[in-house]
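# Survey of secondary and tertiary structure
Okay, here's what each chain looks like letter by letter:
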Amino acid sequence: MASGDDVSRMAETAAATAVGHDELAALKLVALDGGLAGPVKVSCSTLADRLDASSQTASRRLQRLDEAGYVERDIVSDGQWVDVTDAGEAALRKEYADYRRIFEEEASVTLTGTVTGGMGEGRHYISLPGYMEQFVERLGYEPFPGTLNVDLTEESVRARAGMSSLDAVPIDGWEDEERTFGPASCYTATVEYDGASYETAHIIVPERTHHDETQLEIIAPDRLRDQLGLEDGDTVSVRVEEVSR
Ligand SMILES: Cc1cc2nc3c(=O)[nH]c(=O)nc-3n(C[C@H](O)[C@H](O)[C@H](O)COP(=O)(O)O)c2cc1C
Ligand SMILES: Nc1ccn([C@@H]2O[C@H](COP(=O)(O)OP(=O)(O)O)[C@@H](O)[C@H]2O)c(=O)n1
Ligand SMILES: [Mg+2]
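The rules behind the values
- Residues numbered from 1 in each chain as written.
- Chains lettered and ligands numbered in written order.
- Predicted model: local features only at pLDDT ≥ 70, side-chain atom pairs only at ≥ 80, totals over all residues.
- Heavy atoms only, no water.
- Helix = DSSP H or I, 4+ residues; strand = E, 2+ residues; numbered from the N terminus.
- Buried < 20%, exposed > 50% of the residue type's maximum accessible area, 1.4 Å probe, protein only.
- Areas by Shrake-Rupley, 256 points an atom, 1.4 Å probe, with all protein chains shown as cover.
- Lys, Arg positive; Asp, Glu negative; His and termini not counted.
- Charge placed at Lys NZ, Arg CZ, Asp CG, Glu CD.
- Near = heavy atom within 4 Å.
- Polar contact = N/O pair within 3.5 Å; in protein donor to acceptor, adjacent residues only side chain to side chain.
- Nonpolar A, V, L, I, M, F, W, Y, C, P; charged D, E, K, R; others polar.
- Core = buried A, V, L, I, M, F, W, Y, C linked by side-chain atoms within 4.5 Å.
- Contact = heavy atoms within 4.5 Å.
- Donors = N, O, S within 2.8 Å, 3.2 Å for Na, K, Ca; no water.
- Tetrahedral: all angles 85-135°; square planar, octahedral: opposite > 155°, others 65-115°.
- UniProt positions renumbered as here; feature names shortened; annotations may be inferred.
- Pairing = 2+ DSSP bridges.
- Salt bridge = Lys/Arg side-chain N within 4 Å of Asp/Glu carboxyl O.

## Observations concerning the overall build of the protein
Counting its secondary structure elements, the protein contains 9 helices and 12 strands. The principal-axis extents of the C-alpha atoms in the protein amount to approximately 60 × 45 × 35 Å. In the protein, which comprises 245 residues, the share counted as buried stands at 47%. Accessible surface, the protein as shown: approximately 12,700 Å² in total, 45% of it carbon and sulfur. With 22 positive and 48 negative side-chain charges, the protein shows a spacing of 5 Å between the two charge centroids.

Here it is, written out as structure tokens:
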């Protein structure tokens, strides 16, 4: 299966050494106590009881979550205040997306953001034969040369972590005489604006990119600005669907 999106990849890299299922179980309890909304008071002995572990173990799990950047802590005399960070929330959302995939008929993630101009490089990359041939073969269409860039809302930046549990069409890296080109993942998506909807489009997540996880790039057979009457600043929703189960 193709790799996930940027947010979860960053979170996984940071956490690879320290965070496993035991730490995530502790993180879930902090979140259940309200730790996503702001700092909550945690006592290691109470947390230990709920985890069915010793107090030292509970304390070590919080420390590992802290080292991985999943929580921020303020230690006081009778316990600690623990705040779940965006990276911590992204890790929990990934678990949540996995459970949705297990229990729900149709898995999907809906992201919202505003249309924006980019660096004008999308057109160049999409048109390269090394990519174009794979798009035609694996997506079943020749994309309009370019990527529609969408600036995600803060909530959608966090929600996109859930995309990593959905299947993506892999696009392989390749090389010509001069340089190498990186791989990318394509997620099947429907783009909605002002009551109209366009399908089938794909969110393309290049492994090498100048954009961070706040920006989405969308490809489609047609120029979406024409099809949906989009201008910079318009708010679109992008529903990402599971391709197959
Ligand atoms: C299919 C695809 C492959 C890409 N491969 C590379 C790459 O190998 N190296 C690189 O620096 N950027 C790569 N990019 C990313 C572009 O440099 C850039 O981040 C982005 O696509 C620019 O989009 P914009 O012009 O819409 O802002 C790739 C982009 C796409 C769409
Ligand atoms: N399927 C697509 C792809 C790109 N586009 C637009 O086509 C133009 C060229 O794409 P690009 O990626 O090279 O340019 P920027 O996104 O950097 O502005 C941009 O205005 C995109 O918003 C579109 O409307 N529909
Ligand atoms: Mg673009």
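## A look at the site of ligand 2
The environment of ligand 2 is formed by 16 residues, the closest being G118, G120, R123, L224 and R225. Residue G118 places a main-chain N or O atom 2.9 Å away from an oxygen atom belonging to ligand 2. At a separation of 2.9 Å, an oxygen atom of ligand 2 approaches a polar side-chain atom of N149. When isolated, ligand 2 has an accessible area of 510 Å², and the protein chains bury 88% of it. Of all the elements in the fold, those that place two or more residues in the shell around ligand 2 are α6 (122-127), β5 (148-152) and α9 (224-228). In terms of residue class, the shell around ligand 2 is built from 5 nonpolar, 7 polar and 4 charged.

## Let's talk about the environment of M119
Mapped onto the elements of the fold, M119 is located in the loop between β4 (108-116) and α6. Given the relative accessible area of 48%, M119 is considered partly exposed.

## Structural notes on the nonpolar core
One finds L111, I203, I218, L224, L230 and V236 to be the most contacted residues of the largest nonpolar core, which totals 29 residues. Among the elements of the structure, β4, β5, α8 (154-159), β9 (184-193), β10 (196-206), β11 (215-219), α9 and β12 (235-241) are those that each provide at least two residues to this core. Discounting residues that sit within four places of it in the chain, L224 has contacts with L148, V191, Y198, I218, G229 and L230. In this structure, A26, L27, L51 and V71 belong to the second largest nonpolar core, which totals 24 residues.

## Quick look at the coordination of the magnesium ion (ligand 3)
For the magnesium ion (ligand 3), the full set of protein donor atoms is T147 (O), T147 (OG1) and N149 (OD1), and the range of their distances to it is 2.1 to 2.2 Å. Around the magnesium ion (ligand 3) sit 6 donor atoms; with metal-centred angles ranging over 81 to 172°, the donor geometry is octahedral. Per residue, the accessibility class of T147 equals that of N149, and both read buried.

## Description of the UniProt feature "domain: Riboflavin kinase" (unreviewed entry) in the protein
Sites flagged by UniProt as "domain: Riboflavin kinase" (unreviewed entry) map to residues 115-240. Strand forms 37% of residues 115-240 and helix 22%; the C-alpha atoms that close the span are 17 Å apart.

## Thoughts on the pairing of β4
By the bridge criterion, 7 bridges tie β4 to β12 in an arrangement that is antiparallel. Its bridge partner lying in β12, L111 is registered against V238. Sheet topology places β4 next to β5; 4 bridges connect them, and they run antiparallel. Looking across to β5, one finds that T116 is bridged to N149.

## Considering the pattern of salt bridges
Evaluated as defined, the whole model comprises 13 salt bridges. Among the ionic pairs, R239 bridges to E192, the shortest N-O distance being 2.8 Å. Taken as a pair, R239 in strand β12 and E192 in strand β9 lie far apart in primary sequence, 47 residues in all. Overall, the relative accessible area of 27% leaves R239 in the partly exposed class. Close ionic contact of D226 with R223 constitutes a salt bridge, the shortest N to O distance being 2.8 Å. Of the residues examined, R223 reaches a relative accessible area of 35% and is grouped as partly exposed. Through salt bridges that share partners, D86, E89, R93 and R158 make up one connected network.

## What to know about the environment of D222
Residue position: D222 is located in the loop between β11 and α9. By relative accessible area, D222 is classed as partly exposed at 31%. For the pair D222 and G146, spaced 76 residues apart in sequence, the C-alpha separation works out to 10.0 Å. Side-chain polar atoms of D222 contact the side chain of Y198, separated by 2.6 Å.

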